[in-house]
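Each chain, letter by letter, is given below.
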Amino acid sequence: MVEYFKGARLLAALFAALAVLAGCGGGESAPDGAQQPAPAAATGQAAGSTGSQPAGQDPGTVRLPDGSTAKLVRQELTADGTLPIPEGLDEATWWGAKLGDANGAALLSGHVNWKGQKGPFDQLWRMKDGQEISVADTAGGQWTYRVHDVVTVHKDKLGEVAPELFSQEGAHRLVLVTCGGDYVGGTDGYRDNRIISAELVSRPGAA
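An account of the accompanying structure is given in this report. (Residues numbered from 1 in each chain as written. Predicted model: local features only at pLDDT ≥ 70, side-chain atom pairs only at ≥ 80, totals over all residues. Heavy atoms only, no water.)

Time to look at the overall build of the protein. When helices and strands are tallied, the protein shows three helices and 11 strands. Counting only residues that meet the buried cut, the protein has 47% of its 207 residues in that class. On the protein, roughly 9,400 Å² of surface is accessible, and the fraction owed to carbon and sulfur atoms is 50%. (Helix = DSSP H or I, 4+ residues; strand = E, 2+ residues; numbered from the N terminus. Buried < 20%, exposed > 50% of the residue type's maximum accessible area, 1.4 Å probe, protein only. Areas by Shrake-Rupley, 256 points an atom, 1.4 Å probe, with all protein chains shown as cover.)

Below is the structure:
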């Protein structure tokens, strides 16, 4: 299967998505039962509120609507076609399109939790259309994206939606991914993937 997916950019994106999303939460102290999404009120914001991005975001990070951040770690496919995910809860793998690219998905993937502690990407389970995500580049420039699509996908169905969500073709967008739903253990970890898609609304230097 690995050899089959090498080559075409779209199929590489599909395989990367399937490989990286298999075990994005849990760890040795994974909870029994389900990782249940919390009510929207738990974020401290009204559902759908865009709010304003807090000041002082560190360079090279993504900031979610609740103010939590994760350090971006650029990763590429390994020789066997997989995309590594950092173990640290405060880090997120970044693969695919770069900031400022005209096309393609910039895929950010992080743990929902690890060894009994929740990570910043747990916030994905409470995000709504219209909320804003800030990405600070390594120079500190602010790129703002607005959420326009929030989906929960069973991992068995991920292959059906991956070409649309993770393709390096089409309009540029930011795609954030984590796990959740029922915890099934093994190599799958959680049953579902939470996928947030956002469009670029402002970039450094924009009026």
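With that settled, the discussion passes to the environment of L108. Position of L108 among the secondary structure elements: in strand 5 (residues 105-109). For the pair L108 and L176, spaced 68 residues apart in sequence, the C-alpha to C-alpha distance is 4.8 Å. Excluding its chain neighbours within four sequence positions, the residues that come into contact with L108 are V62, L72, T93, W94, F121, L174, V175, L176 and V177. (Contact = heavy atoms within 4.5 Å.)

Here we take up the side chain of N193. As for its position among the elements, N193 is in strand 11 (residues 189-202). Looking at N193, the relative accessible area reads 0%, which means it is buried. Polar side-chain contacts of N193 include one of 3.4 Å to the backbone oxygen of T178. (Polar contact = N/O pair within 3.5 Å; in protein donor to acceptor, adjacent residues only side chain to side chain.)

Residues V62, L108, F121, I133, V135, L174 and L176 are the most contacted members of the largest nonpolar core, which totals 22 residues. At the level of elements, strand 3 (69-74), strand 4 (91-96), strand 5, strand 8 (132-136), strand 9 (142-154), strand 10 (173-185) and strand 11 are the ones that each hand at least two residues to this core. When residues of this core are assigned to their parent elements, the largest contribution, three residues, is made by strand 9. If near-sequence neighbours (up to four positions away) are discounted, L174 is found in contact with A106, L108, I133, V135, Y145, I196, S197 and A198. (Core = buried A, V, L, I, M, F, W, Y, C linked by side-chain atoms within 4.5 Å.)

Right, let's get into the pairing of strand 5. When a strand is regular, its side chains alternate between the sheet's two faces. Buried residues dominate strand 5, accounting for five of its five residues. Burial along strand 5 is two-sided: the residues A105, L107 and S109 and A106 and L108 are all buried. Pairing of strand 4 with strand 5 involves four bridges; the strand directions are antiparallel. Looking across to strand 5, one finds that W94 is bridged to L108. (Pairing = 2+ DSSP bridges.)

Once that is clear, we can look at the environment of K115. Following the sequence through the fold, K115 ends up in the loop between strand 6 (113-114) and strand 7 (117-118). Of the residues examined, K115 reaches a relative accessible area of 39% and is grouped as partly exposed.

As a further point, take the pattern of salt bridges. Enumeration according to the criterion identifies two salt bridges in this entry. Note that D122 and R126 form a salt bridge whose closest N and O atoms lie 2.9 Å from each other. Neither D122 nor R126 differs from the other in exposure class; each is buried. (Salt bridge = Lys/Arg side-chain N within 4 Å of Asp/Glu carboxyl O.)

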